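Observations on the three-dimensional arrangement
Single-letter residue listing:
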Amino acid sequence: MLYNSTENNNEIVSAAQAIAQGISSDGGLFVPQELPSYTEDTFNSLLPMSYNERAKFIFSDFLTDFTADEIAECVDSAYTEEKFGSDCPAPLVAKKYKGNEINIMELWHGPTCAFKDMALQILPHFLTKSLKKTCEGKTAVILVATSGDTGKAALEGFKDVDNTKMIVFYPEDGVSPMQKRQMNTQKGSNVNVCAIKGNFDDAQTGVKKIFTTEEIVKLLNDNNMLFSSANSINWGRLLPQIVYYISAYCDLVNQKKISMGDKINIVVPTGNFGNILAAYYAFCMGMPVNKFICASNSNNVLTDFINTGVYDKNRHFYATASPSMDILVSSNLERLLYRFADNDDKLVSKWMNQLKTEGKYEVTDKVKEKITSKFFGGFCDDTDTKATIKKLFEDEKYLCDTHTSVAINVYDQYVEKTGDNTPVVIASTASPYKFSHSVLEAVAPNAVSDNEFAMVEQLNKITGTPVPKPIAELQNLDIRFNNVTEADSMQEYVKSTLGI
Ligand SMILES: *Cc1c(COP(=O)(O)O)cnc(C)c1O
């Protein structure tokens with residue numbers, strides 16, 4: 001299988017090149033030139049398999065320049081019982097919300113308690129093997145700018161991985177106390193964490209600048225190193241997400257909730273559009289899906305886009321209770337547009353340029369039709385997010401986080417509007433304990449304090465929901481990093497950390 005850029009059909013690469021490079025040199029994203037086609041027989045053959053076996057089967061269709069042994073090594077090092085608490089890293093939990101059964105797919109049993117672990121636990125293995133195939137013997141230096149979740153998930157994924165080094169930059173006052181502690185206590189001989197004096201944009205701009213500064217790129221090269229990327233537009237982060245949708249479909253058949261061939265609906269709390277796009281790719285491969293429900297918070301740029309065909313990021317930015325979805329530019333949408341525009345690279349490139357220059361573009365009527373035939377867009381604000389957490393907890397004694405709550409609320413709006421009661425899978429993207437403050441505000445506002453660990457304890461006492469081990473342990477870990485640097489000095493920081 002080969003991949004090409006969404007902004008240049010002639011830029012064609014192997015899977016290993018797509019993963020090692022991260023993004024195409026023309027600024028486009030790598031997409032598979034054709035998707036594998038799974039029949040009912042294929043799905044039947046997946047039914048008796050474990051999660052890891054299903055993952056190996058699916059990866060072998062996409063990573064055709066990897067051997068079966070290499071793929072098995074990647075999968076079995078990533079999804080271990082030790083890291084995910086069981087041999088089923090993405091369990092389905094059936095609950096009822098306002099009379100409708102919802103199958104909640106818990107994607108947060110990994111080491112950092114957010115769904116990003118599903119991809120970032122395996123990406124380092126894909127990446128080191130890809131580098132070996134494309135530039136043997138070099139050490140990959142991965143720089144990350146994070147507003148919280150990605151940084152910690154990337155650190156956990158890359159810690160002590162051979163031939164990689166990672167430096168994470170975060171805004172000194174722009175992450176939650178829990179997220180700061182998660183990063184500053186990080187273990188691993190090849191990782192480093194540094195706060196910067198500035199906001200997330202400053203961190204992001206600083207990282208991008210370092211990537212493209214010739215002097216430092218050359219210095220790395222002279223030292224047998226090269227820059228690589230772990231951000232969510234890397235194909236190596238999208239691919240692992242396809243697996244859990246297909247696996248969930250098989251689980252529903254095994255649980256006799258659906259019959260083979262029945263359609264399901266899929267609901268995803270969406271930010272950068274990576275997770276929901278993976279679900280859409282699973283549909284293109286043959287998984288029967290009726291509707292994709294794209295749930296946003298008050299930053300509802302995607303809701304408007306799905307309803308009007310106009311993408312317009314010129315709007316107020318809200319800091320919400322579901323911060324991992326506080327995004328106005330959903331990068332992975334580009335891959336969906338490329339598909340709906342029948343692989344018209346020139347058209348996609350035009351829209352992306354308009355987004356850069358005017359902050360806005362409008363797709364053609366044909367693309368609009370394709371979007372609305374398969375996608376429903378909705379959003380909910382913080383008040384409704386908290387009310388949904390409270391209701392689900394009161395009715396079912398099940399505690400969900402703020403992002404998952406947005407998805408459940410929007411699903412409820414969808415059912416109200418359409419009456420469609422197709423069996424549904426709702427992606428649950430974080431443990432409620434990652435956002436204890438907002439979750440506590442929802443279920444017991446009087447117990448809110450300014451001490452993160454006291455709130456974790458309160459939440460546990462009030463709801464009886466077990467605290468995930470990585471969060472419980474955090475309190476006792478030593479602070480390892482307390483570096484702070486000016487945004488202007490990030491390049492110097494990288495050089496001195498790498499010793500070059
Ligand atoms: C990153 C993230 C999302 C958004 O996922 P996308 O793939 O960017 O759409 C949703 N919820 C949580 C908890 C996240 O960390």
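Residues numbered from 1 in each chain as written. Predicted model: local features only at pLDDT ≥ 70, side-chain atom pairs only at ≥ 80, totals over all residues. Heavy atoms only, no water.

1. Structural notes on the packing of aromatic side chains
In plain terms, the rule: Stacked, tilted and edge-to-face pairs are distinguished by plane angle, under 30 degrees for stacked and over 60 for edge-to-face with tilted covering the rest, among Phe, Tyr and Trp rings (Trp via its six-membered ring) whose centres lie within 6.5 Å. Helix numbering and strand numbering both begin at the N terminus, where a helix is a DSSP run of H or I of at least 4 residues and a strand a DSSP run of E of at least 2. Each residue gets one of three labels from its accessible area relative to the maximum for its type: buried under 20%, exposed over 50%, partly exposed in between, using a 1.4 Å probe on protein chains only. Here, a charge over a ring is recorded when the distance from Lys NZ or Arg CZ to the ring centre is within 6 Å and its angle to the ring normal is within 35 degrees.
Inspection of the entire model under this criterion finds 25 aromatic pairs. Seen in terms of ring centroids, Tyr38 and Phe57 are 5.7 Å apart; in terms of plane orientation they differ by 70°. Their pairing is edge-to-face. Pair noted here: Tyr38 is in the loop between strand 3 (30–32) and helix 2 (40–46) and Phe57 is in helix 3 (residues 51–62), with a separation of 19 residues, a long-range link. Residue classification places Phe57 among the partly exposed positions, given a relative accessible area of 27%. With centroids separated by 5.9 Å and ring planes inclined at 70°, the aromatic side chains of Phe169 and Tyr493 adopt a geometry described as edge-to-face. With a gap of 324 residues between them, Phe169 in strand 7 (residues 164–171) and Tyr493 in helix 23 (residues 490–498) connect regions that are remote in the sequence. Residue Phe169 is classed as buried on the basis of its relative accessible area of 0%. Taking relative accessible area as the criterion, Tyr493 reaches 14% and is therefore assigned buried. Taken together, the ring pairs connect Phe273, Tyr280, Phe283, Phe292, Phe340 and Phe375 into an aromatic cluster. Geometry around Phe66 places Lys133 over its ring, the cationic atom sitting 5.0 Å from the centre.

2. Here we look at the pairing of strand 9 (residues 225–228)
What counts is decided by this rule: By definition, two strands form a pair when at least two bridges between them are found by DSSP.
Every second residue of strand 9 is oriented toward a common face, with Met225 and Phe227 on one face and Leu226 and Ser228 on the other, all of them buried. Two elements, strand 6 (residues 139–145) and strand 9, share four bridges in a ladder whose sense is parallel. Counterpart to Val141 in the pairing with strand 9 is Phe227.

3. A short note on the site of the ligand
Stated precisely, the cut-off is as follows: Definition of nearness: a residue and a molecule or strand are near each other if at least one heavy atom of the residue lies within 4 Å of the molecule or strand. Any pair of nitrogen or oxygen atoms within 3.5 Å is treated as a polar contact; in protein, a donor-acceptor pairing is required on top of that, and neighbouring residues in sequence qualify only through side-chain atoms on both sides. Here the open area of atoms and residues is found with the Shrake-Rupley method and a 1.4 Å probe, where only the protein chains shown may cover a residue. Gly is put with the polar residues, along with every residue not named as nonpolar or charged; the nonpolar set is Ala, Val, Leu, Ile, Met, Phe, Trp, Tyr, Cys and Pro, and the charged set is Asp, Glu, Lys and Arg.
Taken together, 15 residues sit near the ligand, with Lys116, Gly271, Asn272, Asn275 and Thr429 positioned nearest. Between the ligand and Ser324 there is a distance of 3.5 Å, counted from an oxygen atom to a side-chain nitrogen or oxygen. When the free accessible area of the ligand is taken as 390 Å², the share hidden by the protein chains comes to 96%. Its residues assigned to classes, the shell around the ligand shows five nonpolar, eight polar and two charged.

4. Digging into helix 20 (residues 436–443)
Our working definition: Here, residues are in contact when the closest pair of their heavy atoms is within 4.5 Å.
Along helix 20, the residues classified as buried are Ser436, Ser438, Val439, Leu440 and Ala442. Close packing links the buried residues of helix 20 with helix 18 (382–396), helix 19 (402–418) and helix 21 (452–463).

5. Examining the pairing of strand 11 (residues 289–296)
Note the following rule: If you view a crossover with the strands going away from you and the path from the first strand over the helix to the second runs clockwise, you call it right-handed.
Across the eight residues of strand 11, seven count as buried, placing the element largely inside the fold. By the bridge criterion, five bridges tie strand 10 (residues 264–269) to strand 11 in an arrangement that is parallel. Each bridged residue has a counterpart across the sheet, and for Val267 the counterpart in strand 11 is Ile293. For the crossover from strand 10 across helix 13 (residues 274–284) to strand 11, the handedness is right-handed.

6. Observations regarding the layout of surface pockets
The cut-off we apply is this: The way it works is a 1 Å grid over only the protein atoms, where trapped points that fit a 1.4 Å probe form a cavity and open points with protein on both sides within 12 Å along at least five of seven lines form a pocket, and then any residue with an atom within 4 Å of a point lines it. Grid points are joined across faces, edges and corners, and a volume is the space filled by probe spheres set on the points.
Of the volumes computed, that of the second largest pocket is approximately 900 Å³. Lining the second largest pocket are 34 residues, with Lys83, Gly110, Pro111, Lys469 and Pro470 positioned closest to its centre. Of all the secondary structure elements, the ones that give two or more residues to the lining of the second largest pocket are helix 5 (81–84), helix 8 (149–158) and helix 22 (469–474). Residue contributions to the lining of the second largest pocket peak at four residues, all from helix 22. A per-class count over the lining of the second largest pocket returns 14 nonpolar, 10 polar and 10 charged.

7. A closer look at empty space enclosed by the protein
As enumerated under the stated definition, the model contains two cavities of 30 Å³ or more in all. Each pocket or cavity is described by its volume, and for the largest cavity that value is around 40 Å³. In this structure, the largest cavity is lined by Thr270, Gly271, Ser296, Asn297, Asn299, Val301, Leu302, Met325, Ile327 and Ser330. Looking at side-chain class alone, the lining of the largest cavity contains four nonpolar, six polar and no charged residues. Here the second largest cavity defines a volume of roughly 30 Å³. In this structure, the second largest cavity is lined by Phe273, Phe305, Ile306, Leu333, Leu336, Ile371 and Phe375.

8. So, the pattern of salt bridges
Side-chain pairs of opposite charge can arise whenever the charged atoms involved come near each other. For clarity, the threshold we go by: Think of a salt bridge as a Lys or Arg side-chain nitrogen and an Asp or Glu carboxyl oxygen that are within 4 Å of each other.
As enumerated under the stated definition, the model contains 22 salt bridges in all. Asp76 is paired through a salt bridge with Lys56; the nearest N and O atoms lie 2.9 Å apart. Linking Asp76 in helix 4 (residues 68–78) with Lys56 in helix 3, this pair joins segments that are 20 residues apart in sequence. Judged by relative accessible area, which is 38%, Asp76 ranks as partly exposed. Put simply, Lys368 and Asp365 hold a salt bridge, and the shortest N to O gap is 3.6 Å. Taken as a pair, Lys368 and Asp365 lie in helix 17 (residues 365–374) at a separation of three residues, close to a single helical turn. Since its relative accessible area comes to 54%, Asp365 is described here as exposed. Through salt bridges that share partners, Lys152, Glu156 and Lys159 make up one connected network.

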